[in-house]
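The residues making up each chain are set out below.
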Amino acid sequence: MPRRYADYPMQFADFNMIASIGAFFFGFAQVYFFLFVVVPMMRGKGVAAAQQPWDGAEGLEWEVPSPAPFHTFEQPPKLNANATKILA
């Protein structure tokens, strides 16, 4: 399909309509995201997430505070056999 045509040939009209509907859907999704995610975030509404929001999540990344300090560990930590928890 050549670019910059004022009218599409009939063989491309259906695909153009599908692409146009998809573009409108994508645009409305961005408006929804902005209104229901970005605006409340900027207003400061909502509750901060817990330190470990997922039950049963294991791994070294869950052992550090959030936000993680610049130097997470001054010395390499001693880990358990599965390397998922820091030994005290």
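None of the values given here were measured: they were computed from a predicted structure. All chains use their own residue numbering, which begins from 1 and follows the written sequence. A pLDDT threshold of at least 70 governs which residues receive local features in this predicted model, and a stricter bar of 80 or more applies before side-chain atom pairs are shown or counted, although totals over entire chains, interfaces and linings include all residues. Hydrogens are left out, water is left out, and the side-chain values use all remaining heavy atoms of the structure.

**Student:** What's the story with the overall build of the protein in this structure? I'm lost.
**Tutor:** Across its full length, the protein holds one helix and zero strands. Both definitions apply: the radius of gyration is a C-alpha atom measure, and the globule rule equals 2.2 Å times residues to the power 0.38. Relative to the compact-globule value of 12 Å for 88 residues, the protein shows a C-alpha radius of gyration of 25 Å, a clear excess of over 25%. Along the first, second and third principal axes, the C-alpha atoms of the protein reach 70 × 35 × 25 Å. Throughout, exposure labels follow a simple rule: accessible area from a 1.4 Å probe, protein chains only, divided by the maximum for the residue type, with under 20% read as buried, over 50% as exposed, and the rest as partly exposed. Across the 88 residues that make up the protein, the buried fraction comes to 7%. It only takes one pair of heavy atoms within 4.5 Å for two residues to be counted as in contact. For the protein, long-range pairs separated by at least 24 residues make up 15% of all intrachain contacts whose partners lie at least 6 apart in sequence. In these tables, accessible area is a Shrake-Rupley quantity obtained with a 1.4 Å probe, and a residue counts as shielded only by the protein chains included in the view. Working note: accessible area of the protein is about 8300 Å², and carbon and sulfur atoms make up 64% of it. The numbering of helices and of strands both runs from the N terminus, where a helix is a DSSP run of H or I of at least 4 residues and a strand a run of E of at least 2.

**Student:** Can you walk me through helix α1 (residues 10–43) in this structure?
**Tutor:** In an α-helix, one turn spans 3.6 residues; hence positions three or four apart end up facing the same way. Take the number of residues in a helix, subtract one, and multiply by 1.5 Å to get its expected span. With 34 residues, α1 extends 49 Å between its outermost C-alpha atoms, agreeing within 8% with the 50 Å of an ideal straight helix rising 1.5 Å per residue. Within α1, the axis deviates most sharply at Phe-34, by approximately 35°. Once α1 finishes, Gly-44 follows within two positions and takes phi at roughly 85°, a positive value. Two axes are fitted around each residue, one to the seven residues ending there and one to the seven starting there, and the angle between them is reported as the bend at that residue.

**Student:** What is the right way to read a nonpolar patch on the surface from this model?
**Tutor:** Residues with no salt bridge and a relative accessible area higher than 30% make up the patches, which join like charges within 9 Å and nonpolar side chains (Val, Leu, Ile, Met, Phe, Trp, Tyr) within 5 Å. The rule for a salt bridge is simple: a side-chain nitrogen of Lys or Arg has to be within 4 Å of a carboxyl oxygen of Asp or Glu. Residues Val-31, Tyr-32, Phe-33, Phe-34, Leu-35, Phe-36 and Val-37 make up a contiguous nonpolar surface patch of about 730 Å² in total accessible area. Note on placement: Leu-35 falls in helix α1.

**Student:** Explanation requested: the environment of Lys-78 in the structure shown.
**Tutor:** Note that Lys-78 resides in the segment after α1. Under the relative-accessibility criterion, Lys-78 is labelled exposed at 65%. Taking the C-alpha atoms as reference points, Lys-78 and Leu-60, separated by 18 residues in sequence, lie 11 Å from one another. Leave out the neighbours within four places in its chain, and Lys-78 touches Lys-85, Ile-86 and Leu-87.

**Student:** Looking at this model, I keep getting lost on the environment of Leu-60. Mind explaining?
**Tutor:** Residue position: Leu-60 is located in the segment after α1. Its relative accessible area of 28% is what places Leu-60 among the partly exposed residues. The contact partners of Leu-60, leaving out residues within four places of it in the chain, are Phe-73, Pro-77, Leu-79, Thr-84 and Ile-86.

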